[in-house]
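Close look at the chain arrangement
Chain residues, written in single-letter form:
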Amino acid sequence: MVQMDILGDPAAVSDALAGISTRLCRAGLTADDVENARIVLAEVMNNIVEHAYADNTPGRILVGIAISGNSLQCAIKDTGRALPNESIPPGNPTVLDGPLEDLPEGGFGWFLIHSLTTDLQYRRTLQQNHLSFSIRLGAAP
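Along each chain, residue indices are assigned from 1 in the same order as the chain's sequence is written. Where local features are concerned, this predicted model is filtered to residues with pLDDT of at least 70; where side-chain atom pairs are given and counted, the filter is 80 or more; whole-chain, interface and lining totals use all residues. Note: side-chain values were computed over all heavy atoms of the structure, leaving out hydrogens and water.

Some thoughts on unusual backbone geometry
We note that Asn85 has phi near 60 degrees; this positive angle belongs to a residue other than glycine. The way it works is that DSSP assigns letters per residue, a run of H or I at least four long becomes a helix, a run of E at least two long becomes a strand, and they are numbered from the N terminus. Structurally, the position occupied by Asn85 is in the loop between strand S3 (71–78) and helix H3 (109–116). Three exposure classes are used, based on accessible area relative to the maximum for each residue type with a 1.4 Å probe and protein chains only: buried under 20%, partly exposed in between, and exposed over 50%. For Asn85, a relative accessible area of 74% puts it in the exposed group. Located in the positive-phi region is Glu86, a residue other than glycine, with phi close to 50 degrees. Of note, Glu86 is situated in the loop between S3 and H3.

Here you go:
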C-alpha cells in the first residue's frame, strides 16, 4: 500500500508523515488509527534522524506499510548506527514526579512505540537496521 524512500532529515520525515497520513485516510482508516500510526512512525523515523544518522550525512529511510486484516504492518529500514546493544529499548514509562523544571524533555518515544504496537522486532543485518511492527486497527488510542 505504501512504499517510501525518504531522506533522513527532519523536513523530509515531516513531509513523508503528511503523505502517509493522507494515504491511510484514503485507504479508509479511522482518524484514531491514522493518528496512532502517525505517532509511531514519527517516533521511529525521528529516532533514526536524531540517533542513527546523528553526526553523519543524512541517509535514507525505507518505509513499507500494508493493511493486513485488522492491523497495519510496518517495516522500516535504515543504514545508520545500530540501536544500543542491537536491541529494542524497553520502553519503560518516564517518572514524572518532582519539580516541573526537573521533568525530562524526552524519553517518551519508546514507551509510546511499545504501547501502540504489537510484534515489535528489530534486527541488524549487513549494516542495515530493520524494525518491524504491527498497529492494531480499531484499537482505542
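After that view of the structure, there is still more to cover.
A word on the nonpolar core
Nonpolar side chains tend toward joint burial in soluble globular proteins. Residues grouped as a nonpolar core are buried Ala, Val, Leu, Ile, Met, Phe, Trp, Tyr and Cys residues, joined through side-chain atoms within 4.5 Å. Residues Met45, Ile61, Ile65 and Phe133 are the most contacted members of the largest nonpolar core, which totals 34 residues. Elements represented by at least two residues in this core include exactly strand S1 (2–7), helix H1 (10–26), helix H2 (31–52), strand S2 (60–68), S3, H3, strand S4 (118–125) and strand S5 (128–136). A total of 10 residues in this core trace back to one element, the largest contributor, which is H2.

A few points about the side chain of Asn129
With respect to the element layout, Asn129 can be found in strand S5. With a relative accessible area of 3%, Asn129 lands in the buried category. Contacts described as polar in this section are N or O atom pairs within 3.5 Å, which, within protein, must combine one atom able to donate a hydrogen with one able to accept it, while residues neighboring in sequence count only if both atoms come from side chains. Among the polar contacts listed, one links the side chain of Asn129 to the side chain of Asp78, at a separation of 2.7 Å. Here, two residues are considered to be in contact whenever any of their heavy atoms come within 4.5 Å of each other. The contact partners of Asn129, leaving out residues within four places of it in the chain, are Ile76, Lys77, Asp78, Gly80, Arg81, Ala82, Leu83, Tyr122, Arg123 and Arg124.

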